[in-house]
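Chain by chain, the residues:
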Amino acid sequence: MEQIIGFFCKLAFLSAVGIATTSGLDIPEGFEYDKKGYVAYCPCMGRFGNQADHFLGALAFAKGLDRTLILPPWVEYEYMKPSSSQIPFDKYFQVEPLKKFHRVITMEKFMKEIAPVIWPPGERTGICYVFRDNGKCPMKEGNPFGPFWDNFKIEFDNHRSYQPLSYSTQYSNIKEKWHEVFPVSTYPVLAFSGAPAAFPVNAENRKLHIFLQWSNFINSEAEDFIAKELSDGPFVGVHLRRGSDFKKACKHATSGQQFFASPQCLGSNNEHGKMSYELCYPDRQMIAKQLKTIIKKIKATAVYVATDHNPSLKELKTDLKGTKVKIIQRTPSEPHVDLAILGRSDHYIGNCVSSFSAFAKRERDAANKPSSFWYFDMKKPKNIDSNKTEL
């Protein structure tokens, strides 16, 4: 009886403060939508690697709340363009495989077919962890936040903080607390200012990568390139982060226990080793030594290189001259195709702290393909001595 009274009191409160419920909306009879609600968010932190980490966490979060995940466009930044671009999710990835894990819908389809009925203008609440000084969520402040929501002509009429709730719905009562604070009757859509997920992706969510499968377009581009340029025999795929900006960032690699995506090789609690500058930015000699070892091991005829620093290609060609392998790069480089090719290589070497490297590593883990990291081998021991070279 107390629960029933509490329920009607809550409805009276919502009506009193002027917050609409889905029961108050004019929903046509027979209209199909997810009555358990939806999760939307802006993938507004970093470039593709970071966004992919967040996506896996958001997928797990939506599953935990049993709400449909609205697949956001990928946010991209073009050189000399003042505003970010929004690229439809399904340009790069298939939607159907994700449905084997949980309910999903592209944002384009949701906004066109469902939002006008259950989430119309005037009834849209933005959700963030902490309000700004103006008592609102920074839903559209700056780039890419503003351009992302503007792409769908979304304005927010109300704002709510979800502090102190957690994204980790596997823990006791977290799911129930979300439902209590944000009932679907009042919030058919939980629209977050950023991804409801941790970065880097939590270890338990890495396995969800198996449901993230390249689109036919990306698969075709990768397979065609391999057939034309890499079909002579086994090839090693490598990701080299050698740009000046990354080199500067690596100077801070030992300032904390973890650095960027380093848990992928060091473990969540550094159980596999300690962070070092060399792990973040291995020297030229180490790269050549490690590559020669793998080339010999798999009898590779080529090395495919994805890099942010083209001079590294000349260095590799010089350092590997005696191996007679081809050094191949796709030009112009397209990061998603690069990743798809790296995922198909016979062995892959990535950067421990890079979320871009992490994407290829997860894809290969899902396919049980061998991978390793520069300056580190997970099969080798617990601590990394910066004065020694670990393969």
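Residues numbered from 1 in each chain as written. Predicted model: local features only at pLDDT ≥ 70, side-chain atom pairs only at ≥ 80, totals over all residues. Heavy atoms only, no water.

**Here's the deal with the nonpolar core**
Selection rule: Among buried residues, the Ala, Val, Leu, Ile, Met, Phe, Trp, Tyr and Cys ones that are joined through side-chain atoms within 4.5 Å form a nonpolar core. Type-normalised accessible area, obtained with a 1.4 Å probe on protein chains alone, sets the label of each residue: buried when under 20%, exposed when over 50%, and partly exposed for intermediate values. Counting from the N terminus, the helices are the DSSP runs of H or I reaching at least four residues and the strands are the DSSP runs of E reaching at least two. We call two residues contacting when some pair of their heavy atoms lies within 4.5 Å.
One finds F55, L69, F93, W178, F192, L230 and I341 to be the most contacted residues of the largest nonpolar core, which totals 57 residues. Considering every element that reaches this core, the biggest residue donor is helix α2 (residues 48-65), with 10 residues. If sequence neighbours within four positions are ignored, L69 has contacts with V39, Y41, F55, A58, L59, A62, R103, V104 and I105. C280, M286, I294 and W374 belong to the second largest nonpolar core, which has 34 residues in total.

**Concerning empty space enclosed by the protein**
Let me state the cut-off plainly: Whether a set of points on the 1 Å grid over the protein atoms alone is a cavity depends on a 1.4 Å probe fitting there but being unable to get out, while an open set qualifies as a pocket with protein on both sides within 12 Å along at least five of seven lines; lining residues are those with an atom within 4 Å of a point. Grid points are joined across faces, edges and corners, and a volume is the space filled by probe spheres set on the points. Side-chain classes are defined by residue name, with Ala, Val, Leu, Ile, Met, Phe, Trp, Tyr, Cys and Pro counting as nonpolar, Asp, Glu, Lys and Arg as charged, and the others, Gly among them, as polar.
Across all of its chains, the model carries one cavity of 30 Å³ or more by this definition. Taken as a whole, the largest cavity encloses approximately 60 Å³ of empty space. In terms of lining residues, the largest cavity is bounded by L240, R242, R284, I287, A288, S312, E315, L316 and D319. Elements that contribute at least two residues to the lining of the largest cavity include exactly α11 (284-298) and α12 (311-319). Considering each element in turn, the lining of the largest cavity owes the most residues, four residues, to α12. Considered class by class, the residues forming the lining of the largest cavity number four nonpolar, one polar and four charged.

**Comments concerning α11**
Stated precisely, the cut-off is as follows: Any helix carries an expected span of 1.5 Å times its number of residues minus one. Counting of polar contacts relies on pairs of N or O atoms within 3.5 Å, with two restrictions inside protein: one atom must be capable of donating a hydrogen and the other of accepting it, and residues adjacent in sequence are counted only when both atoms are side-chain atoms.
The terminal C-alpha atoms of α11 lie 22 Å apart, and with 15 residues this matches the ideal 21 Å at 1.5 Å per residue to within 8%. For α11, the set of buried residues is M286, I287, A288, Q290, L291, I294 and I295. Close packing links the buried residues of α11 with β9 (235-240), β10 (302-307), α12, β12 (347-350) and β13 (371-373). Backbone nitrogen of Q285 and a side-chain oxygen of the N-cap are separated by 3.2 Å at the start of α11; the cap is D283. Just past α11, the residue K299 takes up positive phi, approximately 60 degrees.

**Some words on the sheet that holds β9**
Counted only if it meets this: Any two strands are treated as partners once DSSP identifies two or more bridges connecting them. Axis definition: a line fitted to C-alpha atoms, limited for helices to the stretch in contact. Angles are taken between N-to-C directions and run from 0 to 180 degrees.
In spatial order, the strands read β11-β10-β9-β12-β13; together these five strands make up an open sheet with parallel pairing. Two strands bound the open sheet, and with one partner strand each, they are β11 (326-328) and β13. Direction aside, neighbouring strands of the sheet carry axes that sit 20 degrees apart on average. For β10 and β11, the ladder comprises three bridges, and the chain directions are parallel. Residue V303 lies in a different strand from β11, and its bridge partner there is I327.

Coordinates in, geometry out; function isn't part of it.
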